[in-house]
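# Notes for the structure review
One-letter residues, chain by chain:
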Amino acid sequence: MAGTVANKCLSPLTFITRRLSAPEFITQCCYHKKVVDHYENPRNVGILDKQSKNVGTGLVGAPACGDVMKLQIEVDDQGKIVDARFKTFGCGSAIASSSLATEWVKGKSVDEALMIKNTDIAKELSLPPVKLHCSMLAEDAIKAALADYRLKQQDDQQEAVRASN
């Protein structure tokens, strides 16, 4: 089976000129170059101040595979997402999905970011069916971060009303 897959993914000269290690074989054969790029050069890794009223945090996980994704957004006073950060424990597809999600939400309004769908992420990264749950996690993380941000804004408005009374 591995030989069949290798024949479809790699040129025969690869096997004549050198041997591939297992991780290199999987990277060369099974992941799209965009996944490999985001995995090897993830964008926006890090954290934002979760206590800040203009930062929303989404933490989601998939118990079946063990992937855990934390995505944070920072929103300015006009409702535009000015920064996004992530930390992900999971496979290359989960890391790539998180990285791409942070790139896509930056510069969007809160409502525009809600329109990002897992199918768009999966299509952009050319994820195989067995890895679609990674793009679903990214969509869920975006929604969770936006929900947390909106909840903080509601709490802030309620405090302002109480203070004025």
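Above this note sits the structure.
What comes next concerns the included structure. Just so it is clear, the structure is predicted and the values come from calculations on it, not from any experiment.

Turning our eyes to something else, we now look at the nonpolar core. Counting residues in each nonpolar core, the largest one holds 30 residues, and the members touching the most others are I73 and V105. Counting residues per element, this core draws most heavily on helix α8 (residues 132-164), at eight residues. Apart from residues no more than four positions distant in its own chain, V105 is found in contact with I73, I81, A84, A113, I116 and I142.

Angle between the axes and distance between the axes: these two values describe a pair of packed helices. Interhelical geometry of helix α4 (residues 33-40) versus helix α5 (residues 92-105) gives an angle of 80° and a closest axis separation of 8 Å. Taken together, the axis directions place α4 and α5 in an arrangement best described as roughly perpendicular. For the pair α4 and α5, the contacting residues are V35, H38 and Y39 in the first and G92, S93, I95, A96, S99, L100 and E103 in the second. Here the contact of α4 with α5 is composed, by residue class, of five nonpolar, four polar and one charged.

With that settled, consider the sheet that holds strand β1 (residues 55-62). Reading across the sheet, the three strands line up as β1-β2-β3 and stay open at both edges, with antiparallel pairing between neighbours. Because the sheet does not close on itself, it has two edges, and the strands there are β1 and β3 (81-89). Taking each pair of neighbouring strands and ignoring which way they run, the sheet shows an average axis angle of 15°. As paired strands, β1 and strand β2 (residues 67-75) are joined by eight bridges and run antiparallel to one another. Across the sheet, the residue bridging to G61 is V68, located in β2. Against the sheet, α5 touches β2 and β3, its axis set at about 175° to β3.

The subject of this paragraph is the pairing of β1. Counted residue by residue, β1 has six buried out of eight residues, so it is predominantly covered. Between β1 and β2, which pair antiparallel one after the other, the connecting turn spans four residues, and G66 there sits at a positive phi close to 90°.

Time to look at the side chain of S93. Within the secondary structure, S93 sits in helix α5. Given a relative accessible area of 0%, S93 falls into the buried group. Residue contacts for S93: discarding those within four places in its chain leaves Y31, V35, L127, K131 and C134.

It is at 10 Å that the axes of α5 and helix α7 (residues 118-125) come closest, and there the two elements cross at 110°. One element, α5, and the other, α7, form an angle in the roughly perpendicular class. As for how α5 packs across α7, the hand of that crossing is right-handed. Together, A96, S97, L100 and W104 of α5 and D120, I121, E124 and L125 of α7 make up the contact between the two elements. Residues of the contact of α5 with α7, tallied by class, amount to five nonpolar, one polar and two charged.

Moving on: α7. By the burial criterion, the buried members of α7 are N118, I121, A122 and L125. Considered in projection along α7, the buried side chains sweep an arc of 95° and stay on one side of the axis. Among the exposed residues of α7, those pointing more than 90 degrees away from its buried face are T119 and K123. Looking one or two residues past α7, S126 carries a phi angle of roughly 55°, positive in sign.

As for its placement among the helices and strands, D83 is situated in strand β3. Here D83 falls in the buried class, since its relative accessible area comes to 14%. Among the polar contacts listed, one links the side chain of D83 to the side chain of R85, at a separation of 3.5 Å.

Criteria and thresholds
Residues numbered from 1 in each chain as written. Predicted model: local features only at pLDDT ≥ 70, side-chain atom pairs only at ≥ 80, totals over all residues. Heavy atoms only, no water. Core = buried A, V, L, I, M, F, W, Y, C linked by side-chain atoms within 4.5 Å. Buried < 20%, exposed > 50% of the residue type's maximum accessible area, 1.4 Å probe, protein only. Helix = DSSP H or I, 4+ residues; strand = E, 2+ residues; numbered from the N terminus. Contact = heavy atoms within 4.5 Å. Axes fitted to C-alpha atoms, helices over the stretch in contact; angles between N-to-C directions. Parallel < 35°, antiparallel > 145°, perpendicular 65-115°, else oblique. Nonpolar A, V, L, I, M, F, W, Y, C, P; charged D, E, K, R; others polar. Pairing = 2+ DSSP bridges. Left-handed = near helix turned anticlockwise from the far one by under 90°. Arc of directions from axis to C-beta. Polar contact = N/O pair within 3.5 Å; in protein donor to acceptor, adjacent residues only side chain to side chain.

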